[in-house]
Amino acid sequence: MTDILLIQDGRIIDPANRRDAAGDLCVANGKIVKSLTAEQRKKAKVVDARGLIVAPGLVDIHVHLREPGQTHKENIESGSWAAAAGGITSMVCMPNTAPACDNAGTIQLINDVIRRQAVVNIWPTGCITIGRDGEKLAPIGSLKRAGVVAITDDGDCVQNNEVMRRAVEYAHMFGLMVMDHCQDEKLTEGAVMHEGEWSLRLGLRGWPSAAEDIIVARNVILSEHTGAHIHLQHISSWQSMDIIRRAKQRGIRITAEATPHHLALTDASLHNYDTNFKMNPPLRTEVDRQAIIEGLLDGTLDIIATDHAPHTDYEKDVEFDYAPFGIIGLETCLPISLEVLYHSKRCDLSFLISRLTHKPAELLGLPKGTLTEGVDADICVFDPDERWTPTVENTFSRSRNSPWLGQSLRGRVKHTFVGGVEVFDGEKIHSPKEPGKITLPGGRAAAAQV
């Protein structure tokens with residue numbers, strides 16, 4: 001395995017450095033370098049990137065990897081395979097595991113597995129409250145020392161405003177961002193989809209937008225009161241967009257994210273009761289969808305994150321009311337984002353890539369998302385126009401709960417590099433921690449190659 005890489009004749013887009021030009025990208029000893037010597041060029045692994053985009057590896061700060069405790073859905077290794085196949089080289093995993101990540105021991109376990117098995121960079125988050133039950137604060141200082149990059153009870157929302165106030169105060173003291181899943185649980189008891197025309201048509205219990213809006217407003221007030229940075233996850237409501245926009249105009253330390261599914265889909269997608277369209281927060285109206293797009297374009301929403309939430313077929317293949325919320329998204333994030341924003345001419349590639357690379361990295365202070373000389377060579381090479389159809393046979397996630405399986409998508413990752421090492425070649429996963437180990441879609445092992 002050579003430690004020298006030359007990616008030739010691609011269109012290099014590095015929004016953090018305002019670079020968008022054809023050229024070569026050079027890597028030596030796992031780092032981006034300005035150029036290679038003649039001797040290095042002779043030894044280099046050469047990748048022909050003609051007609052392709054060469055971008056920083058994507059950064060996803062909202063992923064559920066299900067380990068420990070729910071590895072029948074996904075684990076750290078399989079989740080990292082899916083990320084690599086989607087061009088994602090860095091991700092942040094949520095703490096709603098079993099047991100929950102509310103103590104340093106569980107964080108240590110996760111970090112140990114990451115070091116042994118992950119083919120991409122992964123950082124853990126810790127819980128806001130013990131057991132994610134919203135009552136008693138988790139040991140935030142210990143979690144920080146164990147290596148978490150943020151705290152969140154994602155999957156649940158702290159309902160007690162006093163507990164949330166103390167949590168953001170402590171997080172601010174320790175320099176941690178608080179990520180909040182905004183949901184008033186009293187307004188959503190038994191609800192399974194957006195409250196509106198389609199919930200009435202389908203006879204399903206509706207989930208009002210107000211359940212999100214109320215908690216968004218609370219978090220804006222707490223951020224202003226404490227000075228803490230609160231990040232609002234998977235925003236879905238146009239009213240929430242309005243609250244966030246006005247908060248930012250006042251200089252409050254609020255940031256927020258959009259998911260590809262809320263950018264692309266509406267509650268009308270549930271017309272046939274397909275549980276692969278059931279998610280939390282729910283898909284909402286076309287008015288909400290357009291507001292999310294506009295919010296991303298005008299900076300009200302800062303980034304795109306997948307909220308990758310794996311579930312097994314037998315969990316999803318039940319009556320709509322009983323199916324779990326959530327869909328997978330690591331392997332389809334890029335093509336869906338390209339379709340909604342770039343191919344529809346709502347923004348250029350540089351803008352879109354920025355919301356998937358250095359912008360999310362900057363929120364958490366992660367040294368990722370750029371092609372700056374001297375940084376780790378985490379690189380995504382993709383064809384924005386190639387059409388492909390994700391299927392059970394050509395994807396890597398352990399779960400298959402995606403509304404886009406069997407659908408023709410535009411935009412495909414051709415190569416993914418982490419620290420200058422190719423971990424995805426367009427078809428197979430290569431493990432840098434186990435040289436010769438090659439994984440095919442579906443987690444199938446290929447014959448070892450040395």
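Before reading on, note that the structure itself is shown above.
Criteria and cut-off values
Residues numbered from 1 in each chain as written. Predicted model: local features only at pLDDT ≥ 70, side-chain atom pairs only at ≥ 80, totals over all residues. Heavy atoms only, no water. Helix = DSSP H or I, 4+ residues; strand = E, 2+ residues; numbered from the N terminus. Buried < 20%, exposed > 50% of the residue type's maximum accessible area, 1.4 Å probe, protein only. Core = buried A, V, L, I, M, F, W, Y, C linked by side-chain atoms within 4.5 Å. Contact = heavy atoms within 4.5 Å. 1 Å grid on protein atoms, 1.4 Å probe; cavity = no way out; pocket = protein on both sides within 12 Å on 5 of 7 lines; lining within 4 Å. Points joined across faces, edges and corners; volume = space filled by probe spheres on them. Nonpolar A, V, L, I, M, F, W, Y, C, P; charged D, E, K, R; others polar. Pairing = 2+ DSSP bridges. Axes fitted to C-alpha atoms, helices over the stretch in contact; angles between N-to-C directions. Expected span 1.5 Å × (residues − 1).

A. Highlighting unusual backbone geometry. Look at the link from Glu67 to Pro68: it is a cis peptide, with omega at 10°. Looking at where Pro68 falls in the secondary structure, it is placed in the loop between β6 (58-63) and α2 (76-85). Here the amide bond leading from Ala98 into Pro99 is cis, since omega sits at 5°, within 30 degrees of zero. Its place among the elements puts Pro99 in the loop between β7 (88-93) and α3 (104-117). Although it is not a glycine, Asp307 sits at a positive phi angle of roughly 55°. With respect to the secondary-structure elements, Asp307 resides in the loop between β15 (303-304) and α11 (313-316). Owing to a relative accessible area of 8%, Asp307 belongs among the buried residues under this scheme. Of note, the phi angle at Lys345 is positive, near 65°, even though the residue is not glycine. Counting through the fold element by element, Lys345 comes out in the loop between α12 (333-342) and α13 (349-354).

B. Structural context of the nonpolar core. Judged by nonpolar contacts, the single largest core of 100 residues is most densely connected at Met91, Ile122, Leu232, Leu263, Leu341 and Phe382. Ignoring anything within four residues of it in the chain, the contact list for Met91 reads Asp60, Val63, Leu65, Gly79, Ser80, Ala83, Val120, Asn121, Ile122, Trp123 and Leu330. By size, the runner-up hydrophobic cluster in this structure holds 15 residues, among which are Leu5, Leu25, Leu52 and Leu371.

C. Structural view of the layout of surface pockets. Of the voids in this model, the second largest pocket is the one considered here, and its volume is about 300 Å³. By residue class, the composition of the lining of the second largest pocket is 4 nonpolar, 10 polar and 6 charged.

D. Structural view of empty space enclosed by the protein. Under the definition given, this model contains 5 cavities of 30 Å³ or more. What the largest cavity holds in volume is close to 80 Å³. As for the largest cavity, its lining consists of His308, Ile328, Gly329, Leu330, Glu331, Thr332, Pro390, Thr395, Ser399, Arg400, Ser402 and Leu405. Tallied by class, residues from the lining of the largest cavity come to 4 nonpolar, 6 polar and 2 charged.

E. Up close: the sheet that holds strand β8 (residues 121-124). The parallel open sheet is built from 3 strands, whose spatial order is β6-β7-β8. Of all strands in the sheet, those bounded by a partner on one side alone are β6 and β8. Pairwise comparison of adjacent strand axes, ignoring direction, gives a mean angle of 15° for this sheet. Of the pairings in the sheet, the one linking β6 to β7 comprises 4 bridges and is parallel in character. In the sheet register, Val63 faces β7, and the bridge partner there is Cys93. On the sheet, α2 packs against β7 and β8 and is oriented at approximately 140° with respect to β7.

F. Summary view of the sheet that holds strand β9 (residues 150-151). Strand order across the open sheet formed by 5 strands is β9-β10-β13-β14-β15, with parallel pairing between neighbours. Of all the strands in the sheet, the pair left with one neighbour each is β9 and β15. Lying over the sheet, helix α5 (residues 161-173) contacts β9, β10 (177-180) and β13 (230-232), oriented at roughly 145° with respect to β10. Against the sheet, helix α7 (residues 210-226) makes contact with β10, β13 and β14 (254-258), and its axis sits at roughly 165° relative to β13, the strand it touches most.

G. Region of the structure containing the side chain of Thr370. Looking at the element boundaries, Thr370 is found in the loop between α14 (358-364) and β16 (379-388). Setting aside chain neighbours within four positions, we find Thr370 in contact with Asp14, Ala16, Asn17, Pro56, His358 and Val375.

H. Representation of α7. Between its terminal C-alpha atoms α7 stretches 24 Å, which fits the 24 Å expected from 17 residues at 1.5 Å a residue. Among all positions of α7, only Ala211, Glu212, Asp213, Ile215, Val216, Arg218, Asn219, Val220, Leu222, Ser223 and Thr226 are buried. The secondary structure elements touched by the buried residues of α7 are α5, β10, β12 (206-207), β13, α8 (238-249) and β14. Among the residues trailing α7, Gly227 stands out with phi positive, at a value near 80°.

I. How the structure looks around the environment of Leu36. Residue position: Leu36 is located in the loop between β3 (31-33) and α1 (38-43). In this structure the C-alpha to C-alpha distance between Leu36 and Leu6, which are 30 residues apart in sequence, comes to 8.3 Å. Beyond its immediate stretch of four places on either side in the chain, Leu36 contacts Ile4, Leu5, Leu6, Cys26, Val27, Ala28, Arg41 and Ala44.

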